[in-house]
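Listed here are the chains, written in short residue letters.
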Amino acid sequence: MSYCRIVEYEIVPKESFSVIRGCAGCCRKTNFINTKKFRVNANGSKLDVWLIYQCETCRHTLNLTIYERKKASSIPKEEYDCFLRNEEELAEKYGRDMSLFQKNKAEIDLERLNYDFVKQCDTTYCEEREDGGAGEDGLVLNVHNTYGLKIRPEKQIAEILGMSRSQVQKMLQEGELHWEAVQPQAISVRISEQIFRR
């Protein structure tokens, strides 16, 4: 009988994504940041809603389209009221929504990406081998990347374990660490329990 520990993490951005874009005011590429304000424009029964970003240097603005030519009746009233009130929580939510940036073809500044690994759960269970022999105790790390951040799997594991990426790559080569699954929004890694530092 062996014991397996499963630890679940989620990668959570600390703040809205920053956008790299050519700025007409600065005449060069600069960083645009979330102002946490919306712009709502009514044209008859249709609405346009934007999240307003602005250049860090000169405050030139960039509008990211949330809704375009949308019937007012099709937008939930509570959300519409939040747009009108410039609800910061909703602005932060949209500022971390990868699909919004993809839809607007906005380049996220990955170098300035601040995030945390938030532990969701930590459980231990017994594994019995079919032949009745003793197995090896181990640890499975499951990391959920629900925001779709572009962070290499070995970098994720290195940060959780408090190691360098080269140490993690060496462990992979030596068979001390095994990818069980690698998907765009989740990775699962099995390692020996004593390596885990947290």
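The structure presented is a predicted model; accordingly, all values stated were derived computationally and were not measured. (Residues numbered from 1 in each chain as written. Predicted model: local features only at pLDDT ≥ 70, side-chain atom pairs only at ≥ 80, totals over all residues. Heavy atoms only, no water.)

Participant: I'd like to hear about the overall build of the protein, residue by residue, with values.
Facilitator: For the protein, the helix and strand inventory stands at five helices and 10 strands. For the protein, whose C-alpha radius of gyration is 22 Å, the value lies well above the compact-globule estimate of 16 Å for 198 residues. Looking at the protein alone, contacts between residues at least 24 apart form 65% of all its contacts between residues at least 6 apart. Of the roughly 11,700 Å² of accessible surface on the protein, a fraction of 44% belongs to carbon and sulfur atoms. (Helix = DSSP H or I, 4+ residues; strand = E, 2+ residues; numbered from the N terminus. Rg over C-alpha atoms; globule rule 2.2 N^0.38 Å. Contact = heavy atoms within 4.5 Å. Areas by Shrake-Rupley, 256 points an atom, 1.4 Å probe, with all protein chains shown as cover.)

Participant: Give a detailed account of the sheet that holds strand 2 (residues 19-23), specifying residues and quantitative values.
Facilitator: The strand order across the open sheet formed by five strands is 5-4-3-2-6, and the pairing between neighbours is antiparallel. This sheet does not close on itself; its edge strands, each paired only once, are strand 5 (61-71) and strand 6 (107-108). Across the sheet, helix 1 (residues 77-85) is in contact with strand 3 (28-43), strand 4 (46-55) and strand 5; its angle to strand 3 comes to roughly 120°. (Pairing = 2+ DSSP bridges. Axes fitted to C-alpha atoms, helices over the stretch in contact; angles between N-to-C directions.)

Participant: Could you give an account of the packing of helix 4 (residues 153-161) against helix 5 (residues 165-173), with specific residues and numbers?
Facilitator: The N-to-C vectors of helix 4 and helix 5 enclose an angle of 110°; their axes lie 8 Å apart at closest approach. Taken as axis vectors, helix 4 and helix 5 run roughly perpendicular relative to one another. Across the interface between the two elements, E154, K155, I157 and A158 from helix 4 touch R165, V168 and Q169 from helix 5. Its residues assigned to classes, the contact of helix 4 with helix 5 comprises three nonpolar, one polar and three charged. (Parallel < 35°, antiparallel > 145°, perpendicular 65-115°, else oblique. Nonpolar A, V, L, I, M, F, W, Y, C, P; charged D, E, K, R; others polar.)

Participant: How would you sum up helix 1? Please name residues and give values.
Facilitator: For helix 1, the full list of buried residues reads E79, C82 and F83. Taken around the axis of helix 1, the buried residues stretch over an arc of 100°, which confines them to a single face. Those residues of helix 1 that are exposed and angled more than 90 degrees off the buried face are K77, E78 and R85. Buried residues belonging to helix 1 abut strand 3, strand 4, strand 5 and helix 2 (88-94). Following helix 1 by one or two positions, N86 has its phi on the positive side, about 55°. (Buried < 20%, exposed > 50% of the residue type's maximum accessible area, 1.4 Å probe, protein only. Arc of directions from axis to C-beta.)

Participant: Please provide a residue-by-residue account of the packing of aromatic side chains, values included.
Facilitator: Describing an aromatic ring pair means giving the distance of the ring centres and the angle of the ring planes. A complete count under the given rule lists seven aromatic pairs for this structure. Measuring from centroid to centroid gives 6.5 Å for F38 and Y94, while their planes differ by 85°, and the two rings are edge-to-face. Taken as a pair, F38 in strand 3 and Y94 in helix 2 lie far apart in primary sequence, 56 residues in all. F38 gets classed as buried once you look at its relative accessible area, which sits at 8%. (Phe/Tyr/Trp six-rings, centres within 6.5 Å; stacked < 30°, edge-to-face > 60°.)

Participant: Got a sec to walk through the environment of V49? Specific residues and values, please.
Facilitator: Relative to the helices and strands, V49 is located in strand 4. For V49, a relative accessible area of 0% puts it in the buried group. Here the alpha-carbon distance between V49 and L177, two residues 128 residues apart in the chain, equals 47 Å. V49 has contacts with R39, V40, L64, T65, I66, Y67 and F83, leaving out every residue within four places of it along the chain.

Participant: Got a sec to walk through the state of the cysteines? Specific residues and values, please.
Facilitator: Summed over all chains, the structure comprises zero disulfides. The closest cysteine sulfur to the non-disulfide-bonded C26 is located on C58, 3.7 Å from its own sulfur. (Disulfide = S-S within 2.5 Å.)

Participant: Summarise the environment of L172; cite the residues concerned and give the values.
Facilitator: Position of L172 among the secondary structure elements: in helix 5. For L172, a relative accessible area of 27% gives the class partly exposed. Separated by 132 residues in the primary sequence, L172 and V40 place their C-alpha atoms 51 Å from one another. Ignoring anything within four residues of it in the chain, the contact list for L172 reads L177 and W179.

Participant: So what about the confidence of the model for the protein? Which residues, and what values?
Facilitator: Detailed reading of the predicted coordinates is not advisable wherever pLDDT falls low. With 90% of its residues at a pLDDT of 70 or more, the protein has an overall mean of 88. Low pLDDT (under 50) marks residues 131-135, which in the prediction has six contacts with non-local residues, meaning those over four places away or in another chain. (pLDDT = per-residue confidence, 0-100.)

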